Amino acid sequence: MDLDGKVAVVTGGTRGVGAGIARAFVRAGAKVVVCARRAPEVPQPGTEFVPLDVRDPEAVRRVLADLPRMDVLVNNAGGAPYRLLTAADAERHARVLELNLVAPLTVSLAAYDHLLRTKGSIVMIGSVSGGRPSPGTAAYGAAKAGLESLARSMAVEWAPGIRVNTLVVGMVRTELSHLHYGDRDGVSAVSRTVPLGRLAEPSDVGAAAVFLASDAAAYISGASLLVHGGGERPAFLDAATANKEL
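As the structure is a computational prediction, the values presented were derived from the model and not from experiment. (Residues numbered from 1 in each chain as written. Predicted model: local features only at pLDDT ≥ 70, side-chain atom pairs only at ≥ 80, totals over all residues. Heavy atoms only, no water.)

Student: Looking at this model, I keep getting lost on the sheet that holds strand S1 (residues 7-11). Mind explaining?
Tutor: Strands pair in a sheet through their backbones, by hydrogen bonds, and they do so in one of two ways: parallel or antiparallel. With parallel pairing, the seven strands of this open sheet are ordered in space as S3-S2-S1-S4-S5-S6-S7. What marks the edges here is a single partner per strand, and that holds for strand S3 (47-51) and strand S7 (224-227). Sheet twist, expressed as the mean angle between neighbouring strand axes with direction ignored, is 20 degrees. Of the strands in this sheet, strand S5 (121-127), strand S6 (163-169) and S7 touch helix H4 (residues 138-157), which is tilted by about 155 degrees from S5. (Pairing = 2+ DSSP bridges. Helix = DSSP H or I, 4+ residues; strand = E, 2+ residues; numbered from the N terminus. Axes fitted to C-alpha atoms, helices over the stretch in contact; angles between N-to-C directions. Contact = heavy atoms within 4.5 Å.)

Student: I would appreciate a short explanation of the side chain of Glu 148 in the present structure.
Tutor: Within the secondary structure, Glu 148 is located in helix H4. With relative accessibility at 18%, the residue Glu 148 sits in the buried group. Apart from the residues lying within four places of it in its own chain, the contact partners of Glu 148 are Thr 166, Val 168 and Ser 224. (Buried < 20%, exposed > 50% of the residue type's maximum accessible area, 1.4 Å probe, protein only.)

Student: Whenever I open this one, helix H1 (residues 16-27) confuses me. Can you help?
Tutor: Residues spaced three or four apart along an α-helix point in a common direction, a consequence of the helix completing one turn every 3.6 residues. Taking 1.5 Å of rise per residue, twelve residues should cover 16 Å, and H1 covers 17 Å from first to last C-alpha, within 8% of that figure. Taken across its twelve residues, H1 has nine buried, putting it largely inside the fold. Among the residues of H1, those classed as buried are Gly 16, Val 17, Gly 18, Ala 19, Gly 20, Ile 21, Ala 22, Ala 24 and Phe 25. As for H1, its buried residues are in contact with S1, strand S2 (31-36), S3, strand S4 (72-75), S5 and helix H7 (202-213). Looking one or two residues beyond H1, the residue adopting positive phi is Gly 29, at roughly 100 degrees. (Expected span 1.5 Å × (residues − 1).)

Student: Would you explain unusual backbone geometry in this entry?
Tutor: With the exception of glycine, the majority of residues adopt a negative phi angle, and the majority of peptide bonds are in the trans configuration. Here Ala 159 and Pro 160 are connected by a cis peptide whose omega angle stands at 0 degrees. Of note, Pro 160 is situated in the loop between H4 and S6. In this structure, Lys 119 takes a positive phi of about 50 degrees despite not being glycine. Residue position: Lys 119 is located in the loop between helix H3 (90-118) and S5.

Student: Explanation requested: helix H2 (residues 57-65) in the structure shown.
Tutor: Among the residues of H2, those classed as buried are Ala 59, Val 60, Val 63 and Leu 64. Within H2, the buried residues cover an arc of 120 degrees as seen down the axis, which keeps them to one side. Exposed residues lying more than 90 degrees from the buried face of H2 are Glu 58, Arg 62 and Ala 65. On its buried face, H2 sits against S3 and H3. (Arc of directions from axis to C-beta.)

Student: I tried to follow the packing of aromatic side chains on my own but got confused; where do I start?
Tutor: Aromatic ring pairs are reported here in terms of the distance separating the ring centres and the angle at which the planes meet. Summed over the entire model, instances satisfying the criterion amount to one aromatic pair. Considering the side-chain rings of Tyr 112 and Trp 158, the 4.8 Å spacing of their centres and the 65 degrees angle between planes classify their relative orientation as edge-to-face. Of the two residues, Tyr 112 is situated in helix H3 and Trp 158 in the loop between H4 and S6; the sequence distance between them amounts to 46 residues. Residue Tyr 112 is classed as partly exposed on the basis of its relative accessible area, which comes to 26%. (Phe/Tyr/Trp six-rings, centres within 6.5 Å; stacked < 30°, edge-to-face > 60°.)

Student: What should I look at first to understand the pattern of salt bridges in this one?
Tutor: Proximity of charged atoms lets side chains of opposite charge pair with each other. One pass over the full model with this rule turns up eight salt bridges. Arg 69 serves as the salt-bridge partner of Asp 71, at 2.8 Å between the closest nitrogen and oxygen. Of the charged contacts, one joins Arg 173 and Glu 201 as a salt bridge, the two residues approaching to 3.6 Å between their closest N and O atoms. In this pair, Arg 173 sits in the loop between S6 and helix H5 (177-181) while Glu 201 sits in the loop between helix H6 (184-191) and H7, placing the two residues 28 residues apart along the sequence. (Salt bridge = Lys/Arg side-chain N within 4 Å of Asp/Glu carboxyl O.)

Student: Teacher, can you tell me more about the packing of H2 against H3 here?
Tutor: The description of two helices packed together rests on the angle between their axes and the distance between the axes. Remark: H2 packs on H3, axes separated minimally by 9 Å, with the N-to-C direction vectors making an angle of 25 degrees. Taken as axis vectors, H2 and H3 run roughly parallel relative to one another. Of the two elements, H2 crosses H3, and the hand of that crossing is right-handed. Contacts from Pro 57, Val 60, Arg 61, Leu 64 and Ala 65 of H2 reach H3 at Thr 106, Val 107, Ala 110, Ala 111 and His 114. (Parallel < 35°, antiparallel > 145°, perpendicular 65-115°, else oblique. Left-handed = near helix turned anticlockwise from the far one by under 90°.)

Student: Help me understand the pairing of S2 in this model?
Tutor: Where a strand is regular, its side chains alternate between the two sheet faces. Of all six residues making up S2, five are buried, and the element is well covered by its neighbours. Two elements, S1 and S2, share five bridges in a ladder whose sense is parallel. Looking at S2, one finds that Ala 8 is bridged to Val 32. The β-α-β motif built from S1, the intervening H1 and the parallel element S2 has right-handed crossover chirality. Bridge analysis of S2 against S3 gives five bridges, and the strand direction is parallel. (Right-handed = clockwise from strand over helix to strand, strands pointing away.)

Okay, structure coming up:
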């Protein structure tokens, strides 16, 4: 999975999962451009930072047009606060859709000519929230479901010149984990619900992204790769009384 000489652009690449992806591409030999609204507190070795709000179409087109080359685009920028549907109006929920679905489309369209020239690839960073109920982050889940569908359509429309795939990511341990899962005990308790017994590390997501961008995945397009440690144990198994030891 050697990416020596390739140029990878990672949106939202300054912290958390995005930073892990950027580091993985650097280790694979790529030149990495990370885009975010704010610069990282500590610059990442081997990366170039470009300030960019992916929700600003004109800025996106200008920044990407200025790049001399692009081989890989990782649409990672996204996220959402915990907010029940009735706690906000539709316009506020629409902002979540804009960041997590419309912005990746904007960036992908702006990258199209670059990637067509290099026969490059796009990696969408999806979520398990797109395939199951997502109470408290319903708009985010809807956006991620749409992102996966968008990637499959892109893979057909833009073939054979550009490959497009999605990483369907589960729970990841980052510097913001406490906001989602609580203190150390909360993180440990949540980790025990994952079949592999732990949350993903950003490096796990990064390794999968490098694979999809590499020649090792040259015949993979329109795919959704699950990076979730085995998923979630069905709740009914713990509620059922059959076959339980007494």
